[in-house]
Amino acid sequence: MGIRVIKTAVAAIAAIYTAMYLGIEPALSAGIMAILGVEVTRMKGLKSVSIRFVASVLGLFFGSLIFTLLGFQYWSVAIFIMITFPILARFQLKDGILTSAVIVFHIFDHGEVNGALIANEIVLLLVGLGWATVINFLYMPKEEHGLKQLREETERMFGEMFRQMALTLRDPAHLWGGEELLAVEQAIGEGSQLSLRSKENRLWGHEPYWAIYFEMRKQQLDSISSMLTDLAFVYEKLPQNEWMAQLLEQLSGDVKSEVYRGGAERKLYEMKRRFKEMRLPATREEFEVRATLYNLLREVERYLSIAKRLQKKPRETVVK
């Protein structure tokens, strides 16, 4: 049983008892309003309650007008639906159509429109949607632990991918299944969704670290995918393979470190200098492999530049 089910049950029973205490009829409808208003985040809950309240008030106005002019006939309900529902949808209030229909059907069931009945329906809305808002704000599960776990999993798999690429450079015949590539893509996707949920649960003082972090990892994963494409064309072992393997091993360790110290970047610039000072390739095969290695080096540079765009946040953590 999920936490949302528990929250919905609490909101519904609280709304029903409150309506009974205030003498609002039918009290069960307050429970329906509360059920519809409970959401997975505070921001979504506030938006949902606002839309449902405005839509219901508009529906109450149109329904009262139509029933007063045309009478309380069943075909009048069809007229109400054909007029009101498109208007609500046009003004981005379609999520409130159901609550609006519940309120208007109460009016129709009484067979008259008067001030006391309209006041009863308004209070019914306030009680049901009000309790939904209270429950939404009282408790929302904390995402921090899950976000940290996804970060650790992402960094672990990034490190393993760099390690496997280093092994391939040292031995082009080395076989690697590549299962981390799919797993880390899923972890980054889950992290992005969870960071969005965390943002929607903080109406003020939002910490943007997690959204930036997983967006950065997503871009870096694209860079790693390009590295793997280049690596597929390294079919011969050259001395430069070892240089690149050492750089990737440096990244494998740096990605798990809390603070980026620039070791991989210094090694990268040293390799670029050495590439420029090397003699020209003696064979076509050496030319092709060295060109591929240089492309791989440029891709590592892009990977590091993505990390540098992550500015320091209050956490004082710079991610690699």
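Now for a description of the structure that goes with this document. In this text the structure is predicted, and so the values were computed from the model without any measurement. (Residues numbered from 1 in each chain as written. Predicted model: local features only at pLDDT ≥ 70, side-chain atom pairs only at ≥ 80, totals over all residues. Heavy atoms only, no water.)

**Concerning the nonpolar core**
So, step 1. In terms of nonpolar packing, the biggest core is built from 46 residues, with Phe158, Leu169, Ile224, Leu248 and Tyr303 touching the most fellow members.
So, step 2. Breaking this core down by element, the ones donating at least two residues are helix H7 (144-170), helix H8 (179-200), helix H9 (209-231), helix H10 (239-254), helix H11 (263-277) and helix H12 (284-308).
So, step 3. The element contributing the most residues to this core is H9, with 10 residues.
So, step 4. Those residues within four positions of Ile224 in sequence are excluded, and the remaining contacts are Phe158, Met161, Phe162, Met165 and Tyr303.
So, step 5. Ala27, Ala34, Val77 and Phe80 belong to the second largest nonpolar core, which has 29 residues in total. (Core = buried A, V, L, I, M, F, W, Y, C linked by side-chain atoms within 4.5 Å. Buried < 20%, exposed > 50% of the residue type's maximum accessible area, 1.4 Å probe, protein only. Helix = DSSP H or I, 4+ residues; strand = E, 2+ residues; numbered from the N terminus. Contact = heavy atoms within 4.5 Å.)

**Examining unusual backbone geometry**
So, step 1. Geometrically, the link from Glu25 to Pro26 is a cis peptide bond, its omega value of -10 degrees lying close to zero.
So, step 2. By the element assignment, Pro26 lies in the loop between helix H1 (3-22) and helix H2 (27-37).

**Some thoughts on the environment of Leu126**
So, step 1. The topology assignment puts Leu126 in helix H6 (residues 115-138).
So, step 2. Look past the residues within four positions of Leu126 in its chain and what remains in contact with it is Phe53 and Trp131.

**Considerations on the packing of aromatic side chains**
So, step 1. As enumerated under the stated definition, the model contains 14 aromatic pairs in all.
So, step 2. Ring centres of Phe80 and Phe85 lie 6.0 Å apart, and the angle between their planes is 75 degrees; this geometry places the pair in the edge-to-face category.
So, step 3. By relative accessible area, Phe85 is classed as partly exposed at 21%.
So, step 4. When the centroid spacing of 6.5 Å and the interplanar angle of 45 degrees are considered together, the rings of Phe158 and Tyr303 count as tilted. With Phe158 in helix H7 and Tyr303 in helix H12, this pair connects stretches of sequence that are 145 residues apart. (Phe/Tyr/Trp six-rings, centres within 6.5 Å; stacked < 30°, edge-to-face > 60°.)

**Brief notes about the pattern of salt bridges**
So, step 1. If you walk through the whole model with that rule in mind, you get 11 salt bridges.
So, step 2. Put simply, Glu301 and Lys272 hold a salt bridge, and the shortest N to O gap is 3.3 Å. Pair noted here: Glu301 is in helix H12 and Lys272 is in helix H11, with a separation of 29 residues, a long-range link.
So, step 3. For Glu301, a relative accessible area of 23% gives the class partly exposed.
So, step 4. Residue Glu301 pairs with Arg298 through a salt bridge whose shortest N-O separation is 3.7 Å. In this pair, Glu301 and Arg298 both sit in helix H12, 3 residues apart, roughly one turn of the helix.
So, step 5. For Arg298, a relative accessible area of 45% gives the class partly exposed.
So, step 6. Put simply, Arg170, Glu242 and Glu249 are held in one network by salt bridges that share partners. (Salt bridge = Lys/Arg side-chain N within 4 Å of Asp/Glu carboxyl O.)

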